[in-house]
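Residue strings, one per chain:
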Amino acid sequence: MLNFSYKTATKFFAEEELELIRSQAEAARTLIVEKTGAGSDFLGWLEHPETYDREEFQRILSASERIRSDYEVLLVIGIGGSYLGARAVIEALRNPYQTRVGADGKQAAEIIFAGYNLSTRAYLEILDYLKDKSFAINVISKSGTTTEPAVAFRVFKKELEARFGREEAKRRIFVTTDRERGALKTLADQEGYERFIVPDDIGGRYSVLSAVGLLPIAAAGIDIEDLMAGARAAMKCYAEGDVLDNPAAQYAMVRNILMRKGFSTEITVNYEPKLHFFAEWWKQLFGESEGKCQRGIFPAAVDNTSDLHSMGQYIQEGRRFLFETVLWVQSEQTDLVIEADEANLDGLNFLAGETLASVNKRAMQGTMLAHVDGGVPNLSVEIGALDAFALGELIYFYELACAYSAYLNAVNPFNQPGVEAYKKNMFALLGKPGYEEAREALEARLETI
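Residues numbered from 1 in each chain as written. Predicted model: local features only at pLDDT ≥ 70, side-chain atom pairs only at ≥ 80, totals over all residues. Heavy atoms only, no water.

Caption draft 1: Summary view of unusual backbone geometry. Residue Thr305 is reached from Asn304 by a cis peptide bond, and omega for that bond is 10°. One non-glycine residue with positive phi stands out, namely Lys35, at about 55°. Here Lys35 lies in the loop between helix 1 (15–33) and helix 2 (48–51). Classification of Lys35 by relative accessible area gives partly exposed; the value is 32%. Look at Cys293: it is not a glycine, yet its phi comes out positive at around 55°. (Helix = DSSP H or I, 4+ residues; strand = E, 2+ residues; numbered from the N terminus. Buried < 20%, exposed > 50% of the residue type's maximum accessible area, 1.4 Å probe, protein only.)

Caption draft 2: Representation of the nonpolar core. Counting residues in hydrophobic clusters, the biggest one holds 101 residues, and the most contacted among them are Trp45, Phe278, Trp281, Leu394 and Tyr398. In terms of residues, this core owes the most to one element, helix 15 (residues 388–408), which gives 15 residues. For Trp45, the contacting residues outside a window of four places in its chain are Asp201, Ile202, Tyr206, Tyr396, Glu399, Leu400, Ala403 and Phe414. Counting residues in each nonpolar core, the second largest holds 21 residues, with Val73, Ile126, Val175 and Ala188 among its members. (Core = buried A, V, L, I, M, F, W, Y, C linked by side-chain atoms within 4.5 Å. Contact = heavy atoms within 4.5 Å.)

Caption draft 3: Representation of a nonpolar patch on the surface in the model. On the surface, Leu429, Leu446 and Ile449 cluster together into a nonpolar patch covering about 320 Å² of accessible area. With respect to the helices, strands and loops of the structure, Leu446 is situated in helix 17 (residues 436–447). (Patch = residues over 30% accessible without salt bridge, like charges linked within 9 Å, V, L, I, M, F, W, Y side chains within 5 Å. Areas by Shrake-Rupley, 256 points an atom, 1.4 Å probe, with all protein chains shown as cover. Salt bridge = Lys/Arg side-chain N within 4 Å of Asp/Glu carboxyl O.)

Caption draft 4: Fine view of the sheet that holds strand 4 (residues 135–140). The strand order 3-2-4-5-6 describes an open sheet built from 5 strands, whose pairing is parallel. Looking at strand neighbours, the two that pair on one side only are strand 3 (110–114) and strand 6 (194–197), the edges of this open sheet. When strand polarity is set aside, the average angle formed by the axes of neighbouring strands in this sheet is 20°. In this structure, strand 4 lies alongside strand 5 (residues 173–177), joined through 4 bridges in parallel fashion. The residue of strand 5 that forms the bridge with Ile137 is Ile173. Sitting on the sheet, helix 8 (residues 183–191) is in contact with strand 4, strand 5 and strand 6, with an inclination near 145° to strand 5. (Pairing = 2+ DSSP bridges. Axes fitted to C-alpha atoms, helices over the stretch in contact; angles between N-to-C directions.)

Caption draft 5: Fine view of the environment of Leu227. As for its position among the elements, Leu227 is in helix 10 (residues 224–238). Distance in space between the C-alpha atoms of Leu227 and Pro49 is 9.3 Å, their sequence separation being 178 residues. With sequence-adjacent residues up to four places away left out, Leu227 is seen in contact with Val89, Leu209, Leu214, Ile217, Ala388, Phe389, Leu391 and Gly392.

Structural data, given as structure tokens:
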């Protein structure tokens, strides 16, 4: 099971502070379990690893098998929680140099992501790549009107229909959207696209274990049954007991204690490059859940040891508002042994006989001690292996911890009102009907910039 530790941060706060914040954590647990807190309509992820729709799950498995056998590429169109969770799992568990081989070793579709930016260059490069590929599309949007994925779907649907014809394109388009309403749901019904559901009670950044994430993950050849089993194990483990013995609650409590002492930025640190996009998913989860009402811990991430040669100096000796949480994978499936070199020009023969994993671990430990000595509290989250079960457990851990942490900080973990501000300005500047008055005011402001 996952292990959370705050041992190396104990010089920055007293153990009794956990006891003092305990009643607040217990109140947060009540809000979560009894679903009485702000945003409680979006707590469906809490029991989802147990209560998910088995019939839809089987349809996901069937569709993913067809995608794996019939198409070279699955183009996943979505933004935010509609793509980050799936990308995090796929990048963590698949060999990036064997794009048509799944994590299970069998043939799989290459997964490419689009619809998360508005870059002309990015679109043209994808179109060029797909010109001689057999591809399918999974478009993910609850409303079907979010600008970035909606624009991308227009572009790539047109390409799909031009290449394969409208009727064949219908077989190659898989839609994940609202159960009952919305532009994308209407289109899917009209065209007869195979459709999967974005649950009404699960927000986008918590949705990776629903059809939103499961279809592309399965198409990539990753065992989604193991993924759900890991999440289910975490759900059962964290459901009961004292908050002081609950790793998710502990993590939330410690990070809030540190925040109240002025440590306002948390850096998630990994020593496994395959976890880069997991950290990106984590950044959205916590940033969008906590960053409101002028509150919240700023989420950042580094990939070590690489970033020790870029960000390491600042973390070691820069301004002291940072704390780190190290995300560590305990075991390697295979390992490399460093051999002796007769000339020893690099002076590394003292490492002869060591495994690369042991050197990486010593780098992590040495860095943690150095940063603690430099005034940076360090926490750690450790998983036993980099596999689907462990990632399912890790996803659930962070989702639950995020809910605890946001409630401890007196904010709604499940809304994102600030996201709408840029959209209103963008729509006005683009001339969307109904925004004419705002457009004039914004254009006048732009002239002064």
